[in-house]
Amino acid sequence: MRVDVVTIFPDYLAALDLSLVGKARRSGLLDLRVHDLRDWTTDRHRTVDDTPFGGGAGMVMRPDVWGRALDDLLPAAPDGGHADREPAHVEPAHLVVPTPSGEVFTQRHAEALATESHVVVACGRYEGIDARVAEHARAAGHRVSELSIGDYVLNGGEVAALVMIEAFGRLLPGVVGNPHSLVEESHGSAGLLEYPVYTKPPLWEGHEVPEVLLSGHHARIERWRRDQALARTAARRPDMVAELDVDGLDKADLAVLAELGWRVDDGRLRPVAE
Ligand SMILES: C[S@@+](CC[C@H](N)C(=O)[O-])C[C@H]1O[C@@H](n2cnc3c(N)ncnc32)[C@H](O)[C@@H]1O
């Protein structure tokens, strides 16, 4: 998979040389290139921003500079935005624009991005990127996702780019050593948070590991973990319980949820009224 990141602070992305993503880069699983937006400026001050039309505080990133960068990095869209034209034989790319006003980035976005062959991430600064840049890329036939990593405002898109690249990069085949470790994680297909995890020593500072985990009884361990995942999700993320697919729950799941104050009503889980 190829990933291009465009930023005015390329050094910010140095963390992508570390850990599993760094290893994936070195092994060639991830062809990750970081670019300085200022390389596409044409003036001697290497200007990337200007004052906002309509007035107001702060500066806005110029569309012409971003346009030149994206023209170089996004291959021509298959139909150039014109479905009637003969398609060119190019691999389409997906433009990701981190922004606090975007759709909230979730594991589902990470899974979808992990299937792409080419992702370009455009990191904004100041008050953000002139809105015509995303509009222009869409009109040219590119897939564009404006994504937020949460309901707060950062100074720039670099941290968001790190978050998203780590989230989708670890889903690429071969990046995480044991692919089974991705199966039961929080926010996976079960729609639950992960159960609590423990390691040695079995007794630490007076705290014992739950006895069932030392029993070697696989069925009991599996059931205990499932119950813990349900209980933790109900306590911390009731919104996720309300979204669970009832058909994917067994009798024991429903009994645990009933104890936690949830029951099935009209095909959906609902909290039992106080
Ligand atoms: C100071 S912010 C701009 C905020 C913008 N004026 C607004 O209120 O929506 C500058 C840049 O940081 C990045 N950014 C800030 N918060 C973000 C978030 N929650 N998720 C993703 N990117 C974010 C975006 O790239 C944005 O263009």
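Criteria and cut-off values
Residues numbered from 1 in each chain as written. Predicted model: local features only at pLDDT ≥ 70, side-chain atom pairs only at ≥ 80, totals over all residues. Heavy atoms only, no water. Helix = DSSP H or I, 4+ residues; strand = E, 2+ residues; numbered from the N terminus. Rg over C-alpha atoms; globule rule 2.2 N^0.38 Å. Buried < 20%, exposed > 50% of the residue type's maximum accessible area, 1.4 Å probe, protein only. Contact = heavy atoms within 4.5 Å. Areas by Shrake-Rupley, 256 points an atom, 1.4 Å probe, with all protein chains shown as cover. Lys, Arg positive; Asp, Glu negative; His and termini not counted. Charge placed at Lys NZ, Arg CZ, Asp CG, Glu CD. UniProt positions renumbered as here; feature names shortened; annotations may be inferred. Polar contact = N/O pair within 3.5 Å; in protein donor to acceptor, adjacent residues only side chain to side chain. Patch = residues over 30% accessible without salt bridge, like charges linked within 9 Å, V, L, I, M, F, W, Y side chains within 5 Å. Salt bridge = Lys/Arg side-chain N within 4 Å of Asp/Glu carboxyl O. Pairing = 2+ DSSP bridges. Axes fitted to C-alpha atoms, helices over the stretch in contact; angles between N-to-C directions. Core = buried A, V, L, I, M, F, W, Y, C linked by side-chain atoms within 4.5 Å. Arc of directions from axis to C-beta. Expected span 1.5 Å × (residues − 1). Near = heavy atom within 4 Å. Nonpolar A, V, L, I, M, F, W, Y, C, P; charged D, E, K, R; others polar.

Engineer: Help me understand the overall build of the protein, please; the structure alone is not making it clear to me.
Structural biologist: Broken down by element type, the protein carries 8 helices and 11 strands. The globule rule puts the C-alpha radius of gyration for 274 residues at 19 Å, and the 23 Å found for the protein is more than 25% above it. Along the longest, intermediate and shortest principal axes, the C-alpha atoms of the protein span 70 × 45 × 45 Å. Across the 274 residues of the protein, 38% fall into the buried class. Counted over contacts in the protein with a minimum sequence separation of 6, partners at least 24 positions apart contribute 68%. On the protein, roughly 16,300 Å² of surface is accessible, and the fraction owed to carbon and sulfur atoms is 52%. Across the protein, the 29 positively charged side chains and the 44 negatively charged ones have centroids separated by 3 Å.

Engineer: Hey, could you run me through the UniProt feature "binding site: S-adenosyl-L-methionine" (unreviewed entry) in the protein in this one?
Structural biologist: The feature "binding site: S-adenosyl-L-methionine" (unreviewed entry), as annotated in UniProt, sits at Gly 124, Ile 149, Gly 150, Asp 151, Tyr 152, Val 153 and Leu 154 in this numbering. Looking at the secondary structure, you find Ile 149 in the loop between β7 (143-148) and α5 (158-169). In contact with Ile 149, not counting residues within four places along its chain, are Phe 105, Leu 154, Ala 160, Val 163 and Met 164. With respect to the helices and strands, Tyr 152 occurs in the loop between β7 and α5. Polar side-chain contacts of Tyr 152 include one of 3.0 Å to the backbone oxygen of Ile 149.

Engineer: What is the right way to look at a nonpolar patch on the surface in this model?
Structural biologist: A cluster of nonpolar side chains, Phe 9, Tyr 12, Tyr 152, Leu 154, Val 159 and Val 163, forms an exposed patch at the surface whose accessible area comes to about 510 Å². For Phe 9, the location among the structural elements is in the loop between β1 (2-7) and α1 (19-27).

Engineer: Would you mind showing me how to read the sheet that holds strand β6 (residues 118-122) here?
Structural biologist: Strand pairing in a sheet relies on backbone hydrogen bonds. The paired strands run either parallel or antiparallel. Ordered in space as β2-β1-β6-β5-β7, the 5 strands form an open sheet in which the pairing is parallel. Looking at strand neighbours, the two that pair on one side only are β2 (31-36) and β7, the edges of this open sheet. Averaged over all pairs of adjacent strands, the angle between their axes in this sheet comes to 25 degrees, without regard to strand direction. On the sheet, α5 packs against β1, β2, β5 (94-104), β6 and β7 and is oriented at approximately 170 degrees with respect to β1.

Engineer: Looking at this model, I keep getting lost on the nonpolar core. Mind explaining?
Structural biologist: Soluble globular proteins: nonpolar side chains tend toward being buried together. Counting residues in hydrophobic clusters, the biggest one holds 26 residues, and the most contacted among them are Val 3, Val 5, Val 121, Ile 165 and Phe 168. Those elements that place two or more of their residues in this core are β1, α1, α3 (107-113), β6 and α5. Examining the composition of this core, we find that 7 residues originate from one element, α5, more than from any other. Ranked by size, the runner-up nonpolar core spans 22 residues in total, among them Trp 66, Val 133, Ala 134 and Val 144.

Engineer: Help me understand helix α8 (residues 251-259), please; the structure alone is not making it clear to me.
Structural biologist: What sets the pattern is the α-helix's 3.6 residues per turn: residues three or four places apart point alike. Of all the positions in α8, only Asp 253, Val 256 and Leu 257 are classed as buried. For α8, the angular spread of buried residues about the axis comes to 95 degrees, placing them on one side. Seen from the buried face of α8, the exposed residues on the opposite side, beyond 90 degrees, are Lys 251 and Glu 259. Residues of α8 that are buried in the fold lie against α6 (218-236), α7 (238-242), β10 (262-265) and β11 (268-271).

Engineer: Looking at this model, I keep getting lost on α6. Mind explaining?
Structural biologist: Here α6 is 19 residues long and its end C-alpha atoms lie 27 Å apart, about the 27 Å a rise of 1.5 Å per residue gives. Looking at α6, one finds that the buried residues are Ile 221, Trp 224, Ala 229, Leu 230, Thr 233 and Ala 234. Against the buried residues of α6 lie α7, α8 and β10.

Engineer: How do you make sense of the site of the ligand when you look at a structure like this?
Structural biologist: The full set close to the ligand counts 19 residues, and Pro 98, Glu 127, Ile 149, Tyr 152 and Leu 154 are the nearest of them. Residue Gly 124 places a main-chain N or O atom 3.2 Å away from an oxygen atom belonging to the ligand. Within the complex, 83% of the 590 Å² of free accessible area of the ligand lies under protein. Every element with two or more residues in the shell around the ligand is listed here: β5 and β7. When grouped by side-chain class, the residues that make up the shell around the ligand number 9 nonpolar, 8 polar and 2 charged.

Engineer: What's the story with the pattern of salt bridges in this structure? I'm lost.
Structural biologist: Where charged atoms of side chains with opposite charge meet at close range, the side chains can pair. On inspection of all chains with the given rule, the structure shows 20 salt bridges. As a salt-bridge pair, Glu 243 and Arg 268 come within 3.4 Å of each other at their nearest N and O atoms. You can see Glu 243 sitting in the loop between α7 and α8 and its partner Arg 268 sitting in strand β11, a full 25 residues away along the chain. Judged by relative accessible area, which is 61%, Glu 243 ranks as exposed. Residue classification places Arg 268 among the partly exposed residues on the basis of a relative accessible area of 38%. Through salt bridges with shared partners, one network takes in Arg 223, Arg 226, Asp 227, Asp 250 and Asp 253.

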